[in-house]
Structures are given as structure tokens and as C-alpha cells.
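A closer look at the structure
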Amino acid sequence: MENKANMVASLMSVKQKSGKTFSQIAEETGLTNVYVAQLLRRQAQLKPETAPKLKAALPLLSDEQLHDMMEAPLRSYDPNLIQDPTVYRLNEAVMHFGESIKEIINEEFGDGIMSAIDFFCSVDKVKGVDGKDRVVVTFDGKYLPHTEQKSEHMVSRFMRKE
């Protein structure tokens, strides 16, 4: 975990030295701003076709850093992260609205869930009707229906008979 922390610190240092925001880097790479943050925090894997765009946006990234970013990351989080007020409020919002969101997903799509794998996320700043800044967090996930578990569709049962 210490190795990951050191890697994240070095990547965030490159970003800081660039003077660019996550949104600026996202615009230059064609990624979402949250995905850029995920890449630099080693929560997502850099794809080979995106590496040149990220290198162009952040020229101080070393070839070694880019190579390491293309390896599958250890997707983890610090359990103390919930103590951060922003993270706490996001969690609170999902917990407060979660049951209603789930009901609407089920009503609109059927019995299933929103994927967090085939998933896009972005954060945007907009002006409210009162002229004050507002935060827009977009979760855009693929719908995954729950399946009826019929034994004849269970591949592992066929494998045992061979």
C-alpha cells in the first residue's frame, strides 16, 4: 500500500506542476474529469491508446509512470476517507436518496442494478437559478438485470459431467 501511496503522490505532483485542473486534463485527453482523477490516484488502468494523450497533457509524466499506470491497479480506499466532509456528504446523499433511486431504477428498467464497472462519472459546476454555484455529480452506469438462476444455464454443472 505504501508503494501505491508513493506512486499517487508522484502522479499528483506531476499534475500540480502542470498547473492544470482535472477538467482541463480531461478535455485534452477525451476522458471524464473523475476518470482522470481515478487514473492519477491509481484507481483506474491507463489504456495504451490513451497514454500518448495523457503524456501530451502532462509532459512531466515519465515513461516509467505511464508504464506503471497501464498495469491493473489495486482499487482500494482508505477507510478513514469517510471522515472527509465532502466524501461524508456524498455518502449521506446516496444513503438518503438511495432507496428512492433504487425504486426508480426498478420501475424504469426492472429488477437489476447500475454497474460500477461499465460506468462513467463526472463532476460539473453550474449556476443555480439563484445565481449561486452548484455541484452536479453524474453517475452514468450500464443497467445490469438480475438473472433467474436456472440450473440448465449453469455452465459449471456441464463442466463437472465431462
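Residues numbered from 1 in each chain as written. Predicted model: local features only at pLDDT ≥ 70, side-chain atom pairs only at ≥ 80, totals over all residues. Heavy atoms only, no water.

As annotated in an unreviewed UniProt entry, the protein carries the name Cyanate hydratase and comes from Nicotiana tabacum. In UniProt, the protein has this text filed under Sequence similarities (unreviewed entry): "Belongs to the cyanase family." (UniProt positions renumbered as here; feature names shortened; annotations may be inferred.)

1. With respect to the UniProt feature "domain: Cyanate lyase C-terminal" (unreviewed entry) in the protein
Under the feature "domain: Cyanate lyase C-terminal" (unreviewed entry), the UniProt entry names residues 76-149. Between the C-alpha atoms that bound residues 76-149 the distance is 30 Å, and the span itself is 34% helix and 39% strand. (Helix = DSSP H or I, 4+ residues; strand = E, 2+ residues; numbered from the N terminus.)

2. Thoughts on the environment of T32
Inspection of the secondary structure assignment puts T32 in the loop between α2 (22-29) and α3 (33-40). With 10 residues separating them in the primary sequence, T32 and F22 have C-alpha atoms 8.5 Å apart. Among residues more than four places away in sequence, those in contact with T32 are A26, C121 and S122. Only 3.0 Å separates the side chain of T32 from the backbone oxygen of C121, close enough to count as a polar contact. (Contact = heavy atoms within 4.5 Å. Polar contact = N/O pair within 3.5 Å; in protein donor to acceptor, adjacent residues only side chain to side chain.)

3. Some remarks on the nonpolar core
Grouped together as the largest cluster of nonpolar side chains are 17 residues, with contacts concentrated most on L46, L54, L58, L61 and M69. At the level of elements, α1 (2-18), α2, α3, α4 (51-57) and α5 (63-69) are the ones that each hand at least two residues to this core. Each residue touching L46, except ones within four places of it in the same chain, is listed here: L39, A51, L54, L66, M69 and M70. (Core = buried A, V, L, I, M, F, W, Y, C linked by side-chain atoms within 4.5 Å. Buried < 20%, exposed > 50% of the residue type's maximum accessible area, 1.4 Å probe, protein only.)

4. Quick look at the packing of aromatic side chains
Under the defined criterion, the tally for this structure stands at two aromatic pairs. Note on F109 and Y143: the rings are 4.9 Å apart at their centroids and 20° apart in plane angle, and the pair reads as stacked. With a gap of 34 residues between them, F109 in helix α6 (residues 85-109) and Y143 in strand β2 (residues 133-145) connect regions that are remote in the sequence. Since its relative accessible area comes to 53%, F109 is described here as exposed. Relative to F139, the ring of F119 lies with its centre 5.4 Å away and its plane at 55°, an arrangement referred to as tilted. Of this pair, F119 sits in strand β1 (residues 112-127) while F139 sits in strand β2, and the two are 20 residues apart along the sequence. (Phe/Tyr/Trp six-rings, centres within 6.5 Å; stacked < 30°, edge-to-face > 60°.)

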